[in-house]
Amino acid sequence: MTTVNLQAALGSWPTFLILLLGATLALYLARQPAHQTIHAVFFALYRMLRTCACTVNKTRERLANRNRDVLLEQGRQHAERDLDKAFFEINKFVQKDLGGYPQLQRDIQETVNRIRDDYDNSREVPTAAPDWLDAVNAIATIKQTDPAAATNGRILEQIHHSAEVQHKENLAAYRKSTANRHRILKAMTPYWRKLAYSVDEVGNRLKEITTRAQSIDQQMLKFNEIVAGSHQAERALKASSITQFVIAALVIAVAAGGAFFNFHLIALPMSEMVGSAQRIGGVKVADLAALVIICLETTAGIFLLESLRITQLFPLIGSMDDRVRRAIMICASCLLLILASTESALAFMRDQIALDLANLRASLAGVDSAEGDSGINSWIPLAANMVLGFILPLALTMVAIPLEYLLQTARTLLGSLAEILLAATVSILRLTASGIKHTGVVVIGLYDLLIAAPLWVENLIRQKQRKAENQYAAQTEEF
Amino acid sequence: MRQLIGAIVSAKPWGFRACLLTVFLLAGCSESSPDARYAKGIYLLLDTSGTYTQELAKAQQVINYLLATLEAGDAFAVARIDSGSFSEKDIIAKVVLDGRPSTANKQKRDFARQIDTFVKQVKSSAYTDISGGILQGVEYLNEAKVGRKTIMIYSDLKEDLPTGYVRDFDLTLDGFTVKALNVTKLRADNQNPQAYLNRLSQWSEKVVSGGGNWQVINDLDKPEALTL
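These numbers come from a predicted model, not from an experiment.

Visitor: What should I look at first to understand the overall build of chain B in this one?
Guide: For chain B, the count of helices and strands is seven helices and six strands. Written out in order from the N terminus, the α and β elements of chain B read α-α-β-α-β-β-α-α-β-β-α-α-β. A burial count over chain B gives 47% of its 228 residues as buried. Restricting the contact set of chain B to residue pairs at least 6 apart, pairs at least 24 apart contribute 76%. In the structure as shown, chain B presents an accessible area of about 12,100 Å², 53% of it carried by carbon and sulfur atoms.

Right, here's the structure in full:
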C-alpha cells in the first residue's frame, strides 16, 4: 500500500520536484559531514589494504631470506660434498700414481748414471804423436850432397817402411776401438728410450694433477661464493635447482610408470594368494598387497642406496658405523633379491592364471581350448614376464636418487613459488588500495554533482561577497 | 585359534611375539568376509513352460557369458520358473565366487556343468509362477548382501498359476534391477499386439511400484545388453 502511494506521489511532478529540492537541500546541508564520512571510510579501507600489503611484503621478504638461506645451505652442502669427493680422488691418485715417484726417480738416476758411464767408455782417446818425429825431421834436412846422404836415405826409407807398418797397425786399432764405441753407444739406446718414457710419464701425471687442481680451484671458487652468499651463486643455485627438479620429476614419472606396470604384473597373482574379494577402503586386498610389495622394494632400494652413501635421505644411516652400514646394505640387498625372485614367481603364476582364464572363457563360449591355437610360442611372453618381474624391482631401487633431488629441489621451488605468490598479492593489495583511494575522491565528486545547483548558488554568493570585500578594502585604502 | 593365541602369549622374546601378532593380524585380515558393497548379485529365472523350453539353449549362452564376466565375491544363482517357483528346490545352481582366481574358475566350470546338465534334461512345466520366482530371487539376493542386485527373467512374461496359488502381493524391490530377457511374442500376441504391450507394462508397473528398475532386453547380441 505504502509502495503504491510512494509511486503515486513520485508520479506527480510537483511532489517529485519538492522531494528533489528537499533532498538536494538536505544533501547540501550535510555536505561537510558527508565528505568527512566518505573520506574516512575510503581512507580507512586504503590504510587497511596498505597495512595488509606491508605485512604481506614483510612476510615475502622473510620468506625470501629463508629461501635464500636454505638454497645457499643446500648449495654449500653440495659443494662440500663435491670438494670432499675431489680431494678424496686426488688423494687416491697421489697415493696410487705418485706414491711410486721416489722409485721412478731412482730408476731415472740409475739410467742417467748408466748412460754417463757408457758415454765415458765410448769417449775417443787421441793417439799420441811418435817421439821420433823430430829425429826423422833432422835426418831429412841433411843435404843430399853429403856422403852420408845415401845412408840417410836408406835410414829414411827404413823409417818410412816402419812408419807405414805402424800406421796400418794404428789404423786397425783405431777402427777396432771405434767399433767398440759404436757398440757401446748402440747399447745405450734402450736406456735413452726408458729415460724418455719415464720423463713423459712423469709429465703426464703432473698434467693430470694440474687438471685436477684446476677443477678443485673452480670448485673452491664456487664454494667461496656460496659461503659469501653472492647473488651470482644464488642465481646459479636457483637455476640449477629448477633444472634438477624438472629432470627428477621426469625420472620419477618414468619410475611411476614402471611401478604401475609392475603393479599390474603382480596384482592378479596376488589375488591367488590373499584373495581379491576382501576390500579395505574400497580397494581390493590383493591390489593393496601388490602395492605393499612395490613399496617394500622401493624402501629396500632407498635403504640400499643410503647405506652405500649414494643418497642422503636419512643422514643417520650414512653416519653409522661401517659395520652396521654394511649389515643394512646386505639386508636390503637380500630383501630386494627375495622380493625380485618372488615377483618373478608371481609373473609365472600370472601367466598360468591368464591361461586358465582363457581356457575357461573358451569353454564357456563353446570353443575348444585356446591353448596352442594362437601360433605364438607361449614361452616367450612367460619368459618376458618373469624377466621383467625380476628386473623391475631392481630398477625401482634407483628411484631413491631422483627422489632425493625432487625433495631437495621441491623445497626451493615451492619457496620461490610462494614468494612469487606473495609478491603478486602485495601488488594486488597496493593496486586495490590505490583504486579505493581514488574511488573515494570520485564518490565525493559525485556527491558534489548531486548538489551542483546549490553549490553554484553558493559560489555566486561567495564571489559577490569577495567582490564586496575587495571594494571595501579599496575604499579603506583610499581613505 | 586358541592355540595360536596361546603361542603368541607364551612367546618369550618381545620381537618374536610382535612378529607372530603381525602374522596373526594379517591372517585375520585375509580371512575376513568379503566387502559385499562392491559385489554383484544376479538371480536368473529360466522359464521352462511350454514351447519356451526351446529357448533354453540361448539362455545357456547368456549364463555362460555372465559367468565369464563375474568377479570374485559376486553371487550368481539360476533358478527355474516352475508351477510354484517360491521354493529353494527350483534353484538349479548357485555360487558365490571365491577370491582366488583358480578356485573361482573351478566354481564357474562346475556351475556351467550343472546348467548344461539341466538344459539337456529339462522337462517343461505346466505352469509359470514368475512372481514366486522374483520373490525367491529377492530373498536370495538380500541374504547374499551384495551391492548391486539384479534379477533376470528369461521368459515370455506370461504368468500362469496353478489353482490355489495366490500371487497378488506387492514386491519390495528397493535397490533391485529387474531385467526381462528375450521376451518372445506368443501366437496370441501376434493376433493382438496390445496383449504383449499390456504384459510388459503390467510387469514394469509391478517392479517400478515396488521400488525397482525395469528393463526389457530382447536383442541379446548387443554388447551392452547384459552389462551389469
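Visitor: How should I be thinking about the overall build of chain A in this particular structure?
Guide: Within chain A one finds 13 helices and two strands. Among the 479 residues that make up chain A, the fraction classed as buried is 26%. Partitioning the intrachain contacts of chain A with sequence separation of at least 6 by distance along the chain shows that 79% fall at a separation of at least 24. Put simply, chain A shows about 32,100 Å² of open surface, and 64% of that area lies on carbon and sulfur atoms.

Visitor: Quick question: what am I supposed to make of the packing of helix H7 (residues 231-274) of chain A against helix H11 (residues 379-396) of chain A here?
Guide: When two helices pack together, you describe them by how their axes are tilted relative to each other and by the distance separating the axes. All names here are of chain A. Across the interface, H7 lies against H11 with an axial gap of 10 Å and an inter-helix angle of 140°. It follows that H7 is oblique to H11 by the angle criterion. Crossing handedness for the pair H7 and H11: left-handed. Here H7 contributes Ala-255, Gly-258, Ala-259, Phe-261, Asn-262 and Leu-265 to the contact with H11, which in turn contributes Asn-385, Leu-388, Gly-389, Leu-392, Pro-393 and Leu-396.

Visitor: Can you walk me through the interface of chain B and chain A in this structure?
Guide: It is common to give the size of an interface as the accessible area that goes away when the parts come together. Each side of the interface is counted separately: chain B has 21 residues, and chain A has 19 residues. Between chain B and chain A, roughly 1,700 Å² of surface is buried when both sides are summed, and carbon and sulfur atoms account for 55% of that area. When the buried surface of chain B facing chain A is broken down by residue, Tyr38(B), Pro101(B) and Arg109(B) rank first, second and third, together holding 28% of it. Salt-bridge contacts for Asp356(A) lead to Arg109(B); the nearest nitrogen and oxygen are separated by 3.0 Å.

Visitor: What should I look at first to understand the packing of helix H8 (residues 285-307) of chain A against helix H10 (residues 322-364) of chain A in this one?
Guide: Residues and elements named next belong to chain A. Two numbers describe how H8 lies on H10: the axes approach to 8 Å, and their chain directions differ by 150°. One way to sum up the angle between H8 and H10 is to call them roughly antiparallel. Along this stretch, H8 crosses H10, giving a crossing that reads as left-handed. On the side of H8, the interface is formed by Ile-293, Ile-294, Leu-296, Glu-297, Ala-300, Gly-301, Phe-303, Leu-304 and Ser-307, while H10 contributes Arg-325, Ile-328, Met-329, Ala-332, Ser-333, Leu-335, Leu-336, Leu-339 and Glu-343.

Visitor: Before we go on, may I ask you to explain unusual backbone geometry in this structure?
Guide: Note: most residues except glycine have negative phi, and most peptide bonds are trans. Residues and elements named next belong to chain B. Phi at Lys-145 takes a positive value of approximately 55°, unusual for a residue other than glycine. Looking at Lys-145, the relative accessible area reads 59%, which means it is exposed. Phi angles above zero are rare outside glycine, and Leu-157 is one such case at about 65°.

Visitor: Looking at this model, I keep getting lost on the pattern of salt bridges. Mind explaining?
Guide: A side chain of one charge can pair with a side chain of the opposite charge if their charged atoms are brought near each other. Per the stated rule, a full pass over the model turns up 20 salt bridges over all chains. For Glu55(B), the salt bridge identified is with Lys58(B), shortest N-O distance 3.7 Å. Given a relative accessible area of 39%, Lys58(B) falls into the partly exposed group. Across the salt bridge formed by Arg100(B) and Asp98(B), the nearest N and O atoms sit 3.2 Å from each other. Residues joined by salt bridges that share partners form a network here, namely Glu73(A), Arg76(A) and Glu80(A).

Visitor: Would you mind going over the sheet that holds strand E6 (residues 213-217) of chain B with me for this structure?
Guide: Hydrogen bonding along the main chain pairs the strands of a sheet, whether they run parallel or antiparallel. Residues and elements named next belong to chain B. If you trace the six strands from one edge of the open sheet to the other, you get E3-E2-E1-E4-E5-E6, paired in mixed fashion. In the strand order of this sheet, the two ends are held by strand E3 (91-96) and E6, each with one partner. Neighbouring strand axes in the sheet, compared pairwise and without regard to direction, differ in orientation by 15° on average. As judged from the five bridges shared by strand E2 (residues 75-81) and E3, these two strands associate in the antiparallel manner. Each bridged residue has a counterpart across the sheet, and for Ala-75 the counterpart in E3 is Val-96.

Visitor: Which parts of the structure should I look at to understand the packing of aromatic side chains?
Guide: Pairs of aromatic rings are described using the distance from one ring centre to the other and the angle between the two planes. As enumerated under the stated definition, the model contains five aromatic pairs over all chains in all. In this arrangement the basic side chain of Arg212(A) is found over the ring face of Phe93(A), its NZ or CZ atom lying 5.1 Å from the centre. A cation sits over an aromatic face here: Lys206(B) above Phe169(B), 5.8 Å from the ring centre.

Visitor: Help me out: how do you make sense of the nonpolar core in this one?
Guide: Note that soluble globular proteins tend to have their nonpolar side chains buried in a common cluster. Grouped together as the largest cluster of nonpolar side chains are 34 residues, with contacts concentrated most on Leu46(B) and Phe76(B). Every element with two or more residues in this core is listed here: H10 of chain A together with strand E1 (40-47), helix H3 (56-69), E2, E3, helix H4 (101-121) and strand E4 (148-154) of chain B. Broken down by element, the residue count for this core peaks at seven residues, all from H3(B). Those residues in contact with Leu46(B) that lie beyond four places of it in its chain are Leu56(B), Ala59(B), Ile63(B), Val78(B), Ala79(B), Arg80(B), Ile81(B), Ile92(B), Phe118(B) and Tyr154(B). Judged by nonpolar contacts, the second largest core, of 28 residues, contains Tyr43(B), Ile91(B), Leu171(B) and Trp214(B).

Visitor: Any chance you could explain a positive patch on the surface here in plain terms?
Guide: All names here are of chain A. Taken together, the side chains of Arg-47, Arg-50, Arg-430 and Lys-437 define a basic patch exposed on the protein surface. Looking at the positive patch, the elements with two or more residues in it are helix H3 (31-98) and helix H12 (400-450). Positionally, Lys-437 belongs in helix H12. The class for Lys-437 is partly exposed, based on a relative accessible area of 41%.

Visitor: Looking at this model, I keep getting lost on a nonpolar patch on the surface. Mind explaining?
Guide: Residues and elements named next belong to chain A. A surface patch of nonpolar side chains, amounting to about 430 Å² of accessible area, comprises Ile-242, Val-246, Ile-247, Leu-250 and Val-251. Mapped onto the elements of the fold, Ile-242 is located in helix H7. For Ile-242, a relative accessible area of 41% translates into the label partly exposed.

Visitor: Could you clarify how one ought to interpret helix H4 (residues 101-121) of chain A in this entry?
Guide: Along an α-helix, a turn takes 3.6 residues, which lines up residues three or four apart on a common side. Residues and elements named next belong to chain A. The first and last C-alpha atoms of H4 sit 30 Å apart over 21 residues, in line with the 30 Å expected at 1.5 Å per residue. All of the buried residues in H4 are Leu-104, Ile-108, Thr-111, Ile-115 and Asp-118. Within H4, the buried residues cover an arc of 90° as seen down the axis, which keeps them to one side.

Criteria and thresholds
- Residues numbered from 1 in each chain as written.
- Chains lettered and ligands numbered in written order.
- Predicted model: local features only at pLDDT ≥ 70, side-chain atom pairs only at ≥ 80, totals over all residues.
- Heavy atoms only, no water.
- Helix = DSSP H or I, 4+ residues; strand = E, 2+ residues; numbered from the N terminus.
- Buried < 20%, exposed > 50% of the residue type's maximum accessible area, 1.4 Å probe, protein only.
- Contact = heavy atoms within 4.5 Å.
- Areas by Shrake-Rupley, 256 points an atom, 1.4 Å probe, with all protein chains shown as cover.
- Axes fitted to C-alpha atoms, helices over the stretch in contact; angles between N-to-C directions.
- Parallel < 35°, antiparallel > 145°, perpendicular 65-115°, else oblique.
- Left-handed = near helix turned anticlockwise from the far one by under 90°.
- Buried area = accessible area lost by both parts, 1.4 Å probe.
- Salt bridge = Lys/Arg side-chain N within 4 Å of Asp/Glu carboxyl O.
- Pairing = 2+ DSSP bridges.
- Phe/Tyr/Trp six-rings, centres within 6.5 Å; stacked < 30°, edge-to-face > 60°.
- Lys NZ or Arg CZ within 6 Å of the ring centre and 35° of its normal.
- Core = buried A, V, L, I, M, F, W, Y, C linked by side-chain atoms within 4.5 Å.
- Patch = residues over 30% accessible without salt bridge, like charges linked within 9 Å, V, L, I, M, F, W, Y side chains within 5 Å.
- Lys, Arg positive; Asp, Glu negative; His and termini not counted.
- Charge placed at Lys NZ, Arg CZ, Asp CG, Glu CD.
- Expected span 1.5 Å × (residues − 1).
- Arc of directions from axis to C-beta.

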